[in-house]
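Structure at a glance
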Amino acid sequence: MDTLSLLEGLGPESFSNDADRYAAKEAARKLLYKLESPFERSWSLCIETSVLVAGIQVCQDLGIWSKWADKCKESETATQTLDDILAMCNSKADPNLLRRLLRHISALYVIEETDVDTWKPTPFSLALGDKTSYVDQTIQCGLDHNIPCGVNLVKFLAKNQYQEPVDRFKFDNYRDLFGDDFFDYCQKNPGAGGSFIGLMKALNLNKMDWTEVYDTKKLLSEVEISNGQPVFVDMGGAHGRDTNRLLAKHPELGQDALIVQDLPDVLALHTQEKLDGRIKRMPHDFFSTQPVLGARAYFFHVVLHDWSDVDCGRILGKVKDAMTKGYSKLLICEVVLPPKGATSFMTTLDLQMMNSTSGFERTEEHWRKLLQNIGFRVVGISTHIGAMESVIEAEIA
Ligand SMILES: Nc1ncnc2c1ncn2[C@@H]1O[C@H](CSCC[C@H]([NH3+])C(=O)O)[C@@H](O)[C@H]1O
């Protein structure tokens, strides 16, 4: 078989597990970067992609992706003509406008052109139409926050003499662009707040279950389950999926044991998914006194990277006041930056934090120093070959 046919014949089913598929995807990306000329790369980065994202979102706004996905569930024929697609639209659209958008997004493999003015979906376009995947929210979040912030960041850094933005109250890219800092803006603009939480749901679905990274059995072995005591507090827990995962692993956990805390608007507007009745949703601002005392674990998943060391000190100081020394644990599920060889997932998160919250990812040394300064002792850092984040376990020193 020639090389091109061999490459085109590969698919997710060619790999026996997801780690191998991911490794092959990264190899293909490296290959693409080697094969494309410098001009092709710059063209693809900015010129092709800006209108690709716009095209995908216009189809989203017109309701095309969800209608198309529904049609596929109902019938065998996924292939649709331009007229069929026009009929899916929730508002009137110019046929030639739609044709031009569809032509571009099919030239870039979002859908597949099968004939004149005729296309069939791909797993990606079907996922865009499947609300449970939150892939649509990943695009929406990018348009609401990440892309405009990335454009602003260039001028913002120049304007601030290339100082590192690490304290949002001093100077902050998001506030420079939108007039408010990230979480204030999200509270005032529920649409933008919703797409951010949507991205968090997508990320959470696509990351390794934290209970596979960290030994929850050991954590719970010293807990008296039936005493009605709070066991686990998921702070900035939003959707509560991490708490659900703990419960799925330990169904013996009872009423009042599990609490998901977040800002009131996030719990009221953006996290309506049904949680097990044993999980309590509790509005709580983590800069104020922690009302749940003496839990076995206070858990933060991709929360502290939003905040400066000073703010982490304020947040964790409140947690420390609620903890029982010698019993309560602080669990931090975050990227621990390696000195060398950070993955693109890690570097993306790091710079997206700069983009939107003046936050950042931390090295192991940084985490240890930060926690030590607040009066904690790191007990262990759990990692897993398939996980992008580690779980840092700490207790009161
Ligand atoms: N002051 C605050 N008090 C409580 N939660 C907050 C505060 N500021 C931001 N948050 C929440 O912190 C979370 C950061 S995003 C992380 C969400 C979740 N733990 C996950 O892993 O997917 C968001 O849900 C924010 O609403």
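Residues numbered from 1 in each chain as written. Predicted model: local features only at pLDDT ≥ 70, side-chain atom pairs only at ≥ 80, totals over all residues. Heavy atoms only, no water.

**Some details on the pattern of salt bridges**
Should the charged atoms of two oppositely charged side chains come close, the side chains can pair. Just so we agree on the cut-off: What makes a salt bridge here is a side-chain nitrogen of Lys or Arg within 4 Å of a carboxyl oxygen of Asp or Glu, nothing more. Each helix corresponds to a stretch of at least 4 residues labelled H or I by DSSP, and each strand to a stretch of at least 2 residues labelled E; elements are numbered beginning at the N terminus. The buried label goes to any residue with under 20% of its type's maximum accessible area, the exposed label to any with over 50%, and the partly exposed label to all in between, with areas taken from a 1.4 Å probe on protein chains only.
Inspection of the entire model under this criterion finds 24 salt bridges. A salt bridge links Glu-393 to Lys-329, with the nearest nitrogen and oxygen atoms 3.2 Å apart. Of this pair, Glu-393 sits in strand β12 (residues 390-396) while Lys-329 sits in strand β8 (residues 329-334), and the two are 64 residues apart along the sequence. Using a relative accessible area of 12% as the deciding quantity, one classes Lys-329 as buried. Across the salt bridge formed by Lys-329 and Glu-395, the nearest N and O atoms sit 3.0 Å from each other. With a gap of 66 residues between them, Lys-329 in strand β8 and Glu-395 in strand β12 connect regions that are remote in the sequence. A residue is classified by how much of its surface remains accessible, and Glu-395, at 16% relative accessible area, is buried. Ionic contacts of the salt-bridge type, sharing partners, join the residues Lys-329, Arg-377, Glu-393 and Glu-395 into one network.

**Overview of the packing of helix α16 (residues 309-322) against helix α18 (residues 364-374)**
Note the following rule: Note on method: axes are straight lines fitted to C-alpha atoms, helices fitted across the in-contact stretch only, with angles between N-to-C directions ranging 0 to 180 degrees. Angles are sorted into four bins: roughly parallel if under 35 degrees, roughly antiparallel if over 145, roughly perpendicular if 65 to 115, and oblique for all others. Should the near helix be turned anticlockwise from the far one by less than a right angle, the crossing is left-handed, and should it be turned clockwise, the crossing is right-handed. We call two residues in contact whenever any of their non-hydrogen atoms come within 4.5 Å of each other. Residues are grouped as follows: nonpolar covers Ala, Val, Leu, Ile, Met, Phe, Trp, Tyr, Cys and Pro; charged covers Asp, Glu, Lys and Arg; every other residue, Gly included, is treated as polar.
It is the contact of α16 with α18, at a shortest axis distance of 9 Å, that shows an interaxial angle of 55°. As judged from the angle between their axes, α16 and α18 are oblique. The crossing of α16 and α18 is right-handed. Where α16 abuts α18, its residues Asp-309, Cys-312, Gly-313, Leu-316, Gly-317 and Lys-320 lie against His-366, Leu-370, Leu-371 and Ile-374. Across the contact of α16 with α18, the residue classes tally to five nonpolar, three polar and two charged.

**Here we look at the sheet that holds strand β11 (residues 376-382)**
The test is simple: Should DSSP find at least two bridges between two strands, the strands are regarded as paired.
Strand order in this open sheet of seven strands is β6-β5-β4-β7-β8-β12-β11, and the pairing throughout is mixed. The sheet terminates laterally at β6 (279-283) and β11, the two strands that pair on one side only. In this sheet, neighbouring strand axes are inclined to one another by 20° on average, regardless of whether the strands run parallel or antiparallel. Of the strand pairs in this sheet, strand β5 (residues 258-262) and β6 are connected by five bridges, and their pairing is parallel. Of the residues in β6, the one forming a bridge with Gln-261 is Met-282.

**Re the UniProt feature "active site" (unreviewed entry) in the protein chain**
Put simply, the rule is: UniProt positions are given in the numbering used here, feature names are shortened, and annotations may be inferred rather than shown by experiment. What qualifies as a polar contact is a pair of N or O atoms within 3.5 Å, subject to a donor-acceptor requirement within protein and to the restriction that residues adjacent in sequence count only when both atoms come from side chains.
According to UniProt, the positions carrying the feature "active site" (unreviewed entry) are His-305. Assignment of secondary structure puts His-305 in the loop between β7 (297-301) and α16. In this structure, His-305 is in contact with Glu-334, Leu-349, Met-353, Thr-357, Gly-359, Phe-360, Glu-361 and Arg-362, ignoring residues within four places of it in sequence. A polar side-chain atom of His-305 sits 3.3 Å from the main-chain carbonyl oxygen of Val-302.

**Focus on the site of the ligand**
Just so we agree on the cut-off: Any residue with at least one heavy atom within 4 Å of a molecule or strand is counted as near it. All accessibility values rest on the Shrake-Rupley procedure with a 1.4 Å probe; residue burial counts only the protein chains present in the view.
With respect to spatial proximity, 21 residues lie near the ligand, and among them Gly-236, His-239, Asp-262, Phe-286 and His-301 are the closest. Between the ligand and Gly-236 there is a distance of 2.8 Å, counted from a nitrogen atom to a backbone nitrogen or oxygen. Between His-239 and the ligand, the recorded distance is 2.8 Å, taken from a side-chain N or O atom to an oxygen atom. Coverage of the ligand by the protein amounts to 97% of the 580 Å² it exposes when considered alone.

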